[in-house]
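So you can see what is in the structure, the chains are spelled out below.
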Amino acid sequence: VLVVDDEVDARDLLAVVLENPRVEVQVASSVAEALERLEVFRPDVVVSDVGMPNDDGYTLIRKIRTFHIEDLRQTPTIALTAHARGEDRSRALVEGFNVHLAKPVDPTDLIAIIAELAGAMSVGR
């Protein structure tokens, strides 16, 4: 799982919540750093904050969906954001995220959604 969030505490908390012997978690603090990670790391799922300075989560999802490495273009993605209105959810899905989750998210729910997305991806490979 690749976790992208500009807030250190949020990023670290997600990494701790998701880390277990069967899950490798890498983190990035920006869109640019996430794209660098994707050059060498092939996550089953990307979890990204939407509201980041400079390039936001929508920029990231557009870049993932047009990435030069074809396999990564279909990587399941979760928008994890404080933007929780209906129109925020709609925009996240229209932009290309597979799932929109509002912060704070229940860790058990997040883990279940990641497992479901990763499982669906492994069936499709």
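Residues numbered from 1 in each chain as written. Predicted model: local features only at pLDDT ≥ 70, side-chain atom pairs only at ≥ 80, totals over all residues. Heavy atoms only, no water.

Side chains bearing opposite charge may pair, as long as their charged atoms lie close to each other. Across all of its chains, the model carries 7 salt bridges by this definition. For Asp5, the salt bridge goes to Lys103, with nearest N and O atoms at 3.0 Å. You can see Asp5 sitting in the loop between strand 1 (2-4) and helix 1 (8-18) and its partner Lys103 sitting in the loop between strand 5 (99-102) and helix 5 (107-124), a full 98 residues away along the chain. Here the salt bridges share partners, and the residues they tie into one network are Asp5, Asp49 and Lys103. (Salt bridge = Lys/Arg side-chain N within 4 Å of Asp/Glu carboxyl O. Helix = DSSP H or I, 4+ residues; strand = E, 2+ residues; numbered from the N terminus.)

Glancing now at the packing of helix 3 (residues 57-65) against helix 4 (residues 86-95). Two elements in contact, helix 3 and helix 4, have axes whose closest approach is 9 Å; the angle formed by their N-to-C orientations is 25°. Taken together, helix 3 and helix 4 sit at an angle that is classed as roughly parallel. Residues Tyr58, Ile61 and Arg62 of helix 3 lie in contact with helix 4, whose contacting residues are Asp88, Arg91, Ala92 and Glu95. Considering only residue class, the contact of helix 3 with helix 4 consists of 3 nonpolar, no polar and 4 charged. (Axes fitted to C-alpha atoms, helices over the stretch in contact; angles between N-to-C directions. Parallel < 35°, antiparallel > 145°, perpendicular 65-115°, else oblique. Contact = heavy atoms within 4.5 Å. Nonpolar A, V, L, I, M, F, W, Y, C, P; charged D, E, K, R; others polar.)

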